[in-house]
Amino acid sequence: VEARAIGVNMIYAPVVDVNVNPQNPIINIRSFGEDTKLVARLGAAWISGCQKSRALAVAKHFPGHGDTSVDSHVTLPTVSHSLERMNSVELEPFRAAIAAGVKGVMSAHILLPALEKSHSPATMSKKILTGLLRGRMGFDGLIVTDHMEMHAITHSFEAGEATVRAVEAGCDLVLVNDLERSFEALLFSARDGRLSMEQINASVGRILAAKEWLKLDHERCVDLDGVEKHVGMSAHREKAQTIANNSVTLMKGLN
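What comes next concerns the included structure.

**So, the nonpolar core**
A general feature of soluble globular proteins is that nonpolar side chains tend to end up buried together. Residues Phe 62, Val 102 and Leu 112 are the most contacted members of the largest nonpolar core, which totals 42 residues. At the level of secondary structure, the elements contributing two or more residues to this core comprise helix 2 (36-52), strand 2 (56-62), helix 3 (83-88), helix 4 (92-99), helix 5 (126-136) and helix 7 (159-169). Here this core gets four residues from one element, more than from any other, and that element is helix 5. Those residues in contact with Leu 112 that sit more than four places away from it in its chain are Pro 63, Val 79, Met 86, Ala 122 and Ile 128. The next biggest cluster of nonpolar side chains, apart from the first, holds ten residues, and it includes Met 106, Leu 142, Leu 175 and Ala 210.

This is the structure we're talking about:
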């Protein structure tokens, strides 16, 4: 409610990675935990609450960033699990998110040799995003990249080429800093046929559908009176404090 009141329509949450690796330097406490069923249940609940308030939720980081020991902001992690193992752990919270009607899914900048034989991160893998997420798992919402200026990407790919590869793989939205270079690369790829008009139109259709769901077709501007009415309410602060209190475990007797 507060996010929509100030004009924030799309929330890049929840993190539904299962934090099974205690050495994970980037997911750790951002995750709901190391129990797959708990992560699935709480992720779905978060999505339901978020989208009931008409904010678009984005589950991340597909197909699962929980079992990594390096930070994808710094380098490109590898997850060596089989598809069977991922089905039982990493993918379950995403299936729950899809069942809950999540409108967006964010890709992970990770290598998964069992799913993608080429040295392409999930963000640039058609097998993972189009074949697995859309095809086998039935997701028909927006696929969003994680930020493309993270070193997991920039160490190996130029900005324009990285953008095109992400869209080729099935991404509808690409998070970039260099807008001009990315736009020019996409435009050139569309004109020379590397990106088909069918794929471009499908992405545009999903983006327009999301905007319609958000009612941006006729409610584009923020109601300034609504900001004071909805933001910083005592009831909201009390609820946030209750959640925070219930999420903390006090440990005694430890050195």
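**Things to note about the sheet that holds strand 4 (residues 142-144)**
Strands sit in the order 1-2-3-4 across an open sheet of four strands; the sheet is parallel. At either end of the open sheet lies a strand with only one pairing partner, and these are strand 1 (10-11) and strand 4. Alignment of strand 3 (residues 104-107) against strand 4, held across three bridges, turns out to be parallel. Bridging from a neighbouring strand, Gly 104 pairs with Leu 142 of strand 4.

**Some details on the side chain of Lys 60**
In this structure, Lys 60 sits in strand 2. One buried charged residue, Lys 60, forms no salt bridge at all, with the nearest opposite charge on Asp 146 at 6.2 Å. At 2.9 Å, the side chain of Lys 60 and the backbone oxygen of Tyr 12 are in polar contact. Setting aside its immediate chain neighbours within four residues, Lys 60 contacts Tyr 12, Pro 14, Val 15, Val 16, Asp 17, Arg 30, Phe 94 and Met 106.

**Examining the pairing of strand 3**
Side chains Gly 104 and Met 106 project from strand 3 onto one buried face, and the interleaved Val 105 and Ser 107 project onto a second face that is buried too. As for the winding sense of the linkage, the β-α-β connection from strand 3 through helix 5 to strand 4 is right-handed.

**Let's talk about the side chain of Thr 163**
Looking at where Thr 163 falls in the secondary structure, it is placed in helix 7. For Thr 163, a relative accessible area of 2% puts it in the buried group. Polar side-chain contacts of Thr 163 include one of 3.1 Å to the side chain of Ser 182. Here Thr 163 is in contact with Met 148, Val 174, Val 176, Ser 182 and Leu 186, once residues within four sequence places are set aside.

About the cut-offs
Residues numbered from 1 in each chain as written. Predicted model: local features only at pLDDT ≥ 70, side-chain atom pairs only at ≥ 80, totals over all residues. Heavy atoms only, no water. Core = buried A, V, L, I, M, F, W, Y, C linked by side-chain atoms within 4.5 Å. Buried < 20%, exposed > 50% of the residue type's maximum accessible area, 1.4 Å probe, protein only. Helix = DSSP H or I, 4+ residues; strand = E, 2+ residues; numbered from the N terminus. Contact = heavy atoms within 4.5 Å. Pairing = 2+ DSSP bridges. Lys, Arg positive; Asp, Glu negative; His and termini not counted. Salt bridge = Lys/Arg side-chain N within 4 Å of Asp/Glu carboxyl O. Polar contact = N/O pair within 3.5 Å; in protein donor to acceptor, adjacent residues only side chain to side chain. Right-handed = clockwise from strand over helix to strand, strands pointing away.

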